[in-house]
Amino acid sequence: MRRAERLFQIIQILRRSRAPVTADAIAAELETSKRSVYRDIAALVGQRAPIRGEAGVGYVLEAGFDMPPLMLTPDEIEAAVLGAQWVAGRGDPVLAKAAKDLISKIASAVPDRLRPYVLEPATGAAPAWKPQTDRIDVAQVRAWIHAGRKIRLDYSDEAGAVSNRVIWPVTVGYRETIRMIIAWCELREAFRTFRTDRVVGAEFLDERHGKRPAVLRAEWLKFRDAEIAAWDARQKEAC
């Protein structure tokens, strides 16, 4: 790895961690020596990168620091393009268009030597096979998630029975052929999953549910993890 790339990767490692990162951890990830890491950290500090810490304790990157846009490695470019291809084939129409635009923007912004990684990637995502049609505006659902607002649904279960629900949307989940709204359901007083192709009718309410989106999402993640743990325990008992 060239030194310029290594300096950039050190910034990336520090950026993604909230806790101090030791020289040992950085050296292991970059497959280099601690001595090289110490020299690189000193060089970055000399270039006015706001890195705090010391040898033996760890290093942190102060908030607010940013790098010039689209200083991407070939692997990062291919990861972004592969993800965008997947979204273009499976996202709602607004996200699918945004994914295609993203690929074009990356291609126009990266240096010439990196453009083949965008236009001729070594990976590819096939389009979804027989995707189900959304019966709700998923783009507006995403907007209501960010706004912390409620949605009223007329929802059909697998047997065709329709019920009326008021939900607090948390996130939109994507599977191979369907999309799902994960939400707190006022009727069931619990988190529930609603397939977008089974929505019979929807009303986007102005009423807020009163929780910050990040808090509601954290509660859902805790619920999901508990459900997974309970399922694992049942599987062990069955064995």
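Since this is a predicted model, take the numbers as computed values, not measurements.

Rules of the game
Residues numbered from 1 in each chain as written. Predicted model: local features only at pLDDT ≥ 70, side-chain atom pairs only at ≥ 80, totals over all residues. Heavy atoms only, no water. Phe/Tyr/Trp six-rings, centres within 6.5 Å; stacked < 30°, edge-to-face > 60°. Helix = DSSP H or I, 4+ residues; strand = E, 2+ residues; numbered from the N terminus. Buried < 20%, exposed > 50% of the residue type's maximum accessible area, 1.4 Å probe, protein only. Core = buried A, V, L, I, M, F, W, Y, C linked by side-chain atoms within 4.5 Å. Contact = heavy atoms within 4.5 Å. Domains from an automatic or database assignment. Arc of directions from axis to C-beta. UniProt positions renumbered as here; feature names shortened; annotations may be inferred. Salt bridge = Lys/Arg side-chain N within 4 Å of Asp/Glu carboxyl O.

1. A few points about the packing of aromatic side chains
Next up, step 1: Within the structure shown, the criterion is met by six aromatic pairs.
Next up, step 2: When the ring of Trp 168 is compared with that of Trp 184, the centres are 6.3 Å apart and the planes differ by 45°; the resulting orientation is tilted. Of this pair, Trp 168 sits in strand 4 (residues 162-174) while Trp 184 is found in strand 5 (residues 179-185), placing the two residues 16 residues apart along the sequence.
Next up, step 3: With centroids separated by 5.2 Å and ring planes inclined at 80°, the aromatic side chains of Trp 184 and Phe 191 adopt a geometry described as edge-to-face.
Next up, step 4: By relative accessible area, Trp 184 is classed as partly exposed at 23%.
Next up, step 5: On the basis of relative accessible area, Phe 191 is assigned to the buried category, the value being 8%.

2. With respect to the nonpolar core
Next up, step 1: Ile 10, Leu 14, Ile 26, Leu 44 and Ile 51 are the most contacted members of the largest nonpolar core, which totals 17 residues.
Next up, step 2: Put simply, the parts of the chain that give this core at least two residues each are helix 1 (3-15), helix 2 (23-30), helix 3 (34-46) and strand 2 (58-61).
Next up, step 3: In terms of residue count, helix 1 provides more of this core than any other element does, five residues in total.
Next up, step 4: What Ile 26 contacts, discounting residues up to four positions off in sequence, is Ile 10, Ile 13, Leu 14, Val 21 and Val 37.
Next up, step 5: By size, the runner-up hydrophobic cluster in this structure holds 16 residues, among which are Ile 136, Val 138, Leu 153 and Tyr 155.

3. Some words on unusual backbone geometry
Next up, step 1: Unusually for a residue other than glycine, Glu 31 sits at a positive phi of about 55°.
Next up, step 2: Tracing the backbone through its elements, the reader meets Glu 31 in the loop between helix 2 and helix 3.
Next up, step 3: At Arg 48, a residue that is not glycine, the phi angle is positive and equals roughly 75°.

4. Observations regarding the domain arrangement of the protein
Next up, step 1: The domain architecture assigned to the protein consists of domain 1 (3-61), domain 2 (74-120) and domain 3 (138-238).
Next up, step 2: Between domain 1 and domain 3, the C-alpha centre-to-centre distance is 41 Å.

5. Quick word on helix 2
Next up, step 1: Taken together, the buried positions of helix 2 are Ala 23, Ile 26, Ala 27 and Leu 30. Buried positions in helix 2, seen along its axis, are confined to an arc of 95° and lie on one side of it.
Next up, step 2: Those residues of helix 2 hidden inside the fold are in contact with helix 1, helix 3 and strand 2.
Next up, step 3: Taken from the residues just after helix 2, Glu 31 is the one with a positive phi, measuring 55°.

6. Observations regarding the UniProt feature "domain: WYL" (unreviewed entry) in the protein
Next up, step 1: UniProt annotation of "domain: WYL" (unreviewed entry) refers to residues 139-203 when read in the numbering used here.
Next up, step 2: From the first C-alpha to the last, residues 139-203 spans 14 Å; its make-up is 14% helix and 60% strand.

7. Considering the pattern of salt bridges
Pairs may arise between side chains of opposite charge once their charged atoms sit close together.
Next up, step 1: With the rule as written, the count across this model stands at 15 salt bridges.
Next up, step 2: With its nearest N and O atoms 3.0 Å apart, the salt bridge here joins Glu 207 to Lys 150. Within this pair, whereas Glu 207 is found in strand 7 (residues 199-208), its partner Lys 150 is found in strand 3 (residues 149-156), the two being separated by 57 residues in sequence.
Next up, step 3: By relative accessible area, which is 8% here, Lys 150 ends up buried.
Next up, step 4: Put simply, Asp 197 and Arg 195 hold a salt bridge, and the shortest N to O gap is 2.8 Å.
Next up, step 5: When its relative accessible area of 13% is taken as the criterion, Asp 197 is described as buried.
Next up, step 6: Via salt bridges that share partners, Lys 150, Glu 186 and Glu 207 belong to a single interconnected network.

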